[in-house]
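# An overview of the molecular structure
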Amino acid sequence: MKETIVASYYYLLYHTLRHSLAASDFEAHMECMRQQQKAVQGEKVLQILEQLQQGREDQASLPSIRKALDILGIMPENDADSLRRLSSVFCYIELEQRYERQAVYDFAELSERAIFPKEEQAELSADPQAYVQKFVSSLNRLWKREDLSFEAFFAKLKNTVEHYAWCIASGSKSSHQYVPVSEQCSMLGALAAALSSERMEDSGRMTLVVGDLSGIQRYIFDIAQTGAGSVAKRLRARSFFLSALSDIISHRIVHRFGLPLSNIVMSSGGKFYILLPGGTATLQELERLQKELDHWFLEQYHGEIACNLAGEVIVADDLTHMDKIMERLNLTLRQRKMNPLLQGLTTGECWDTNNWLVQQQETGRRCSVCKKFAVDEGELCKHCRFDEEMGQRLVRARYFVYRYPSQRGLPVVDGYSVEAVESPPAYEDSIYLVYRLNSPAVDTDDRLPMVTKYAANYIPVADENGCPHCLAKDDAHDPVRPGAPLQFECIAESAIGAKQLAYLKADVDYLGSVFVFGLNRDGQAVQLQQIAVLSKMLDLFFSGWVHRIISEKYRRVYTVFSGGDDLLLIGAWDEIVHLAQELHLRFREFVGDNPNLTLSAGITFCKSHQPVARQAAVAEEELDRAKESPSRTRPEGRNQVSVLQQAMNWEQFAEFCEEAKRLAVMWEQKQVTSAFLYRLLDYAEMYRTYEAGDTQGLRFYPKLSYDIARNLSDEKDKEVRIWAQRFLTIQEDHPFLTLRPLIQMSRLYRLNDVIGKEEM
Ligand SMILES: [Zn+2]
Ligand SMILES: [Zn+2]
Ligand SMILES: [Zn+2]
């Protein structure tokens, strides 16, 4: 089994290396493979590979690998001679707008910086030969290790291949879209593991499972009802816990089926997909798992969170037209979500009344933070106590450690646990996975099943001198200590101008359609690998790149969550406004400027003591406005940002911010008076009545004209006069429509002493 999985995983790579390395280098590579006798029998892996190559049939495992190759239509021979650069998967996406450009990735090790594609004509900056040499020397080092378990070896192998081969293209028979070699390898490994499993049925049926956590946002924000306090310590912890929970549930499912973690074919944003062997019996096993999960969630979380599983039985051919399968699978998932936790409440066909009593059974005091769960010691319930501990640890965490069975770390489901630590743990049998955060885990000397993980985890902390805001306050009885998370109040105080926070909520437009229909260009078959690549690349942007940019440039921004295809950030309002614009611009670059892939965002400003749950809901409303408000170029909305209850496109938003800043300067220097701005708002009201059909409203024009002539005629008023004359028009998209939010926005800038000097 081990050799079969490794051989099928390695098959395509073996070809690629054979044809792109010098003969002596390839010989040396095979020699390194042969030396491996601990994790797998390298000699046996090589035998399987050679026999596959020669079309021989004398190994028992060959049929399942050959079948896997056949199913995926992988044909390494056709592009064997050259290393091909990978086109961005986003280039293939077409919804309503035609898109013809090609954007390709350079040969570069995977990082949050490497994921921005270049024009096809751009010069290769990396030498392909040198790149492959480096890749193969990492592989050789790994094959020669004599101290690794299979689990650790396979995790490191997969991680090394993803690190280097994510940008090397591989073709297939059923599609002329290219997929990374690393993704083809993963899918081959997953498929061969399923096909050679003892749970595999003669019918050849398999099951694709989707799992999805629901109640995430409500659970994250519930802690924040009490206002400020130590919310900043807990919010990140809760968000982290939920992503770890989603991971662990997916681990538990593959473990239950005796498969390697690589059968989890996609996982991001609290949602995962798993490829399992078997049909009906597998669905029954899933029902049992669902029931166990439902019981656990009811007991531990009173049903505040649920994990919904749905499975779709597929045959091999289905893997090449996954668009339809994904549509069906997500429909089943939606139906399941309408009756969450049903399995936990019923035994067979009867209602299980024991589970109705959970809330009443817990007597005694309620937790002082969440006011929901019973106190088990001190003032806090166990969830809130973990949040507080974890919140402290996450600030410095560089590794997440998953154990089973375990007594250490944060216990999650049934003997699984997760721990956040600063340095890699010592080897233990119970450690089945280690994430190294935001830093490549390649060529490391440890014996751990350690892989690279991009995760947005930045929160602002006080530097070695402590928080300047707390220190300046006389009555601060609990100042933020050096290295501890800043309170939201401290973050707000660091803003320029008004001491306010901003919430930024953003996500990718029409994402469901992008996944289901986007790749189906000109009736093309859509493969599971392509969908997986799309999901992984988006996640790299929202987790890897967002983490990098915040921790380098926007250090007063707090990550509530960012990953999958969406984010929620809280920060000093001025930084959030800049960050939103950079997010949009870099996303354009990331998707090769494909107009079918756009972002929408909602921004809301508030004082720091406002409850987080309430403000997050307001940001969500702004996001909905950005999505729904029609614009002249796009009647169906989207590709917009909404701020101060006004939706605008991203270019307008950049101008809007600039204008608000200029107005603030004129206002502060008394070139423009508050009285004049109030009169402007009156004229804007008249314009609105005109727009609604009342021609009387046109009076705004002579009135404004007279006002300008009378009050702004001096040479010193020139700048204001030019600005005000902008409103003397009856064009569509009238500047009056954004006047009120413009004035509100400029008030945010206004209290700033250094206005005009600061770089926008
Ligand atoms: Zn070949
Ligand atoms: Zn609590
Ligand atoms: Zn402070």
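Residues numbered from 1 in each chain as written. Chains lettered and ligands numbered in written order. Predicted model: local features only at pLDDT ≥ 70, side-chain atom pairs only at ≥ 80, totals over all residues. Heavy atoms only, no water.

## Focus on the UniProt feature "domain: GGDEF" (unreviewed entry) in the protein chain
UniProt marks residues 499-646 with the feature "domain: GGDEF" (unreviewed entry), using the numbering shown here. Helix makes up 47% of residues 499-646 and strand 24%, whereas the separation of the span's terminal C-alpha atoms amounts to 22 Å. (UniProt positions renumbered as here; feature names shortened; annotations may be inferred. Helix = DSSP H or I, 4+ residues; strand = E, 2+ residues; numbered from the N terminus.)

## With respect to the environment of Ala 152
Turning to its location among the elements, Ala 152 is positioned in helix H6 (residues 150-165). Separated by 299 residues in sequence, Ala 152 and Val 451 have C-alpha atoms that sit 9.4 Å apart. The residues contacting Ala 152, other than those within four sequence positions of it, are Arg 447, Leu 448 and Pro 449. (Contact = heavy atoms within 4.5 Å.)

## Considerations on the coordination of the zinc ion (ligand 3)
Ideal geometry at a metal centre: 109.5 degrees between donors when four sit tetrahedrally, and 90 or 180 degrees when six sit octahedrally. Taken together, Cys 467 (SG), Cys 470 (SG) and Cys 490 (SG) make up the protein donors of the zinc ion (ligand 3), found 2.1 to 2.2 Å from the metal. We note that the donor set of the zinc ion (ligand 3) lies within a single chain, spaced as C-x2-C-x19-C. Pair noted here: Cys 467 is in the loop between strand S15 (450-453) and helix H15 (468-472) and Cys 490 is in helix H16 (residues 488-493), with a separation of 23 residues, a long-range link. Comparing Cys 467 with Cys 490 shows no difference in burial state: the two are buried. (Donors = N, O, S within 2.8 Å, 3.2 Å for Na, K, Ca; no water. Buried < 20%, exposed > 50% of the residue type's maximum accessible area, 1.4 Å probe, protein only.)

## Observations regarding the nonpolar core
One finds Phe 297, Trp 573 and Phe 653 to be the most contacted residues of the largest nonpolar core, which totals 256 residues. For this core, the element with the highest residue contribution is helix H18 (residues 528-553), accounting for 14 residues. Ignoring sequence-local partners within four residues, the contact set of Trp 573 consists of Ala 495, Ile 496, Ala 498, Gln 500, Leu 501, Ala 502, Phe 605, Met 745, Leu 748 and Tyr 749. With 8 residues, the next largest nonpolar core counts Tyr 399, Val 421, Ala 441 and Leu 448 among its residues. (Core = buried A, V, L, I, M, F, W, Y, C linked by side-chain atoms within 4.5 Å.)

## Some words on the domain arrangement of the protein chain
The domain boundaries assigned to the protein chain delineate domain 1 (2-195), domain 2 (206-453), domain 3 (487-643) and domain 4 (658-750). Computed over C-alpha atoms, the centres of domain 2 and domain 4 are 53 Å apart. (Domains from an automatic or database assignment.)

## Concerning the packing of aromatic side chains
Per the stated rule, a full pass over the model turns up 41 aromatic pairs. Centroid distance Tyr 105 to Trp 166: 5.0 Å. Interplanar angle 55 degrees. Geometry classified as tilted. In this pair, Tyr 105 is assigned in the loop between strand S1 (103-104) and strand S2 (118-119) and Trp 166 in the loop between H6 and strand S3 (169-172), connecting sequence segments 61 residues apart. The pair formed by Tyr 105 and Trp 166 is uniform in burial state, with each residue classed as buried. Between Phe 541 and Phe 542, the aromatic rings sit 5.3 Å apart at their centres with planes inclined by 85 degrees, giving edge-to-face as the arrangement. Phe 542 matches Phe 541 in its accessibility class, with the two residues each being buried. The structure contains a cluster of three or more aromatic residues connected by ring pairs, namely Phe 90, Phe 116, Phe 541, Phe 542, Trp 545, Phe 587 and Phe 590. A cation over a ring is seen here: Arg 447 above Tyr 427, with NZ or CZ 4.1 Å from the ring centre. Between the NZ or CZ atom of Arg 750 and the centre of the ring of Trp 667, over which it lies, the distance is 4.4 Å. (Phe/Tyr/Trp six-rings, centres within 6.5 Å; stacked < 30°, edge-to-face > 60°. Lys NZ or Arg CZ within 6 Å of the ring centre and 35° of its normal.)

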